[in-house]
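# Remarks on the overall topology
Chain residues, written in single-letter form:
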Amino acid sequence: MLSIVPYEPKYTQKFKDLNIAWITEYFKVEAKDKELLEHSQSTIIDKGGFIFMGLWNNEPVGCFALIKKTDNRYELGKMAVDKTYHGLQIGQKMLSYAITFSKNKNWETLELYSSTKLDTALHIYKKFGFKNIPLEDNLEYLRSDIKMELTL
């Protein structure tokens, strides 16, 4: 029922809509969100990153990005699941896919930024082995108050 497929231009609006929906539920859309969502090809893919879509019965209901930081370190970001499909473990399946994909690329580390407001997400990240690490100064997102990484 769930298939995870590489991004194609036909998913541009859905990638943006899924992310705007979850961000506005808890936070405010920030400048960095707009940059990545409105120009995902040039800001993520053309810089060596990846975007994937989660399709439920061929309908795009989830997404995530792997944003290149260095040759061996990528940031897991822009992960969202349509609220209508919560409870089906779509987020966990996409996270598992992201980890397997990263290991197959021989990357060393996956990192992510999150918020302590997102208890369920943090629980899932920890379940998959992500560990808290110190936040750096001058973060790109005001909502980020926690940073985690997974050594692959």
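Structure shown above.
Conventions adopted
Residues numbered from 1 in each chain as written. Predicted model: local features only at pLDDT ≥ 70, side-chain atom pairs only at ≥ 80, totals over all residues. Heavy atoms only, no water. Helix = DSSP H or I, 4+ residues; strand = E, 2+ residues; numbered from the N terminus. Buried < 20%, exposed > 50% of the residue type's maximum accessible area, 1.4 Å probe, protein only. Expected span 1.5 Å × (residues − 1). 1 Å grid on protein atoms, 1.4 Å probe; cavity = no way out; pocket = protein on both sides within 12 Å on 5 of 7 lines; lining within 4 Å. Points joined across faces, edges and corners; volume = space filled by probe spheres on them. Nonpolar A, V, L, I, M, F, W, Y, C, P; charged D, E, K, R; others polar. Pairing = 2+ DSSP bridges. Axes fitted to C-alpha atoms, helices over the stretch in contact; angles between N-to-C directions. Contact = heavy atoms within 4.5 Å. Phe/Tyr/Trp six-rings, centres within 6.5 Å; stacked < 30°, edge-to-face > 60°. Salt bridge = Lys/Arg side-chain N within 4 Å of Asp/Glu carboxyl O.

## Comments concerning unusual backbone geometry
Positive phi is not limited to glycine here, since Asn57 has a value of about 50°. Tracing the backbone through its elements, the reader meets Asn57 in the loop between strand S2 (50-56) and strand S3 (59-68). A residue is classified by how much of its surface remains accessible, and Asn57, at 54% relative accessible area, is exposed. Its identity as a non-glycine residue notwithstanding, Asn58 has a phi of 70°, on the positive side.

## Quick word on helix H4 (residues 90-104)
In a regular helix each residue adds 1.5 Å, so 15 residues correspond to 21 Å; H4 covers 21 Å between its end C-alpha atoms and thus fits that length. Restricting attention to buried positions, one finds in H4 the residues Ile90, Gln92, Met94, Leu95, Ala98, Ile99, Phe101 and Ser102.

## Some thoughts on the layout of surface pockets
Of the pockets and cavities examined, the largest pocket occupies roughly 930 Å³. For the largest pocket, the lining is made up of 40 residues, of which Trp22, Met79, Ala80, Ala121 and Tyr125 are closest to its centre. Here the lining of the largest pocket gets 7 residues from one element, more than from any other, and that element is strand S4 (residues 73-81). Of the residues contributing to the lining of the largest pocket, the split by class is 22 nonpolar, 10 polar and 8 charged.

## Side note on the sheet that holds S2
Read across the open sheet, the 7 strands follow the order S1-S2-S3-S4-S5-S7-S6; overall the sheet is mixed. Looking at strand neighbours, the two that pair on one side only are strand S1 (2-6) and strand S6 (131-133), the edges of this open sheet. The mean angle between the axes of side-by-side strands here comes to 30°, regardless of whether they run parallel or antiparallel. Across 3 bridges, S4 lies against strand S5 (residues 109-114) in parallel orientation. Looking at S5, one finds that Glu75 is bridged to Glu111. Each of S2, S3 and S4 is contacted by helix H1 (residues 12-26), which is oriented at about 80° to S4, the strand it contacts most. With respect to the sheet, helix H5 (residues 119-127) is in contact with S4, S5, S6 and strand S7 (146-151), its orientation differing from that of S7 by roughly 25°.

## Quick notes on the packing of aromatic side chains
What the rule picks out here adds up to 14 aromatic pairs. Here the aromatic rings of Tyr26 and Phe27 are separated by 6.1 Å at their centres, their planes lie at 45°, and the arrangement is tilted. We classify Phe27 as buried; its relative accessible area is 15%. Between Tyr74 and Trp107, the ring centres sit 3.5 Å apart and the planes meet at 10°, which makes this aromatic pair stacked. Of this pair, Tyr74 sits in strand S4 while Trp107 sits in the loop between H4 and S5, placing them 33 residues apart in sequence. Each member of the pair, Tyr74 together with Trp107, is buried.

## Overview of the pattern of salt bridges
Under the defined criterion, the tally for this structure stands at 13 salt bridges. Across the salt bridge formed by Arg143 and Asp33, the nearest N and O atoms sit 2.6 Å from each other. Linking Arg143 in the loop between S6 and S7 with Asp33 in helix H2 (residues 31-38), this pair joins segments that are 110 residues apart in sequence. An identical accessibility class is assigned to Arg143 and Asp33; each is buried. The salt bridge involving Glu111 is made with Arg73; its shortest N-O contact spans 2.7 Å. Of the two residues, Glu111 sits in strand S5 while Arg73 sits in strand S4, which places them 38 residues apart along the sequence. You can call Glu111 buried: its relative accessible area is 3%. Beyond isolated ion pairs, a larger network of salt bridges with shared partners links Arg73, Glu111, Glu136, Lys147 and Glu149.

Just geometry here; none of it tells us what the structure is for.
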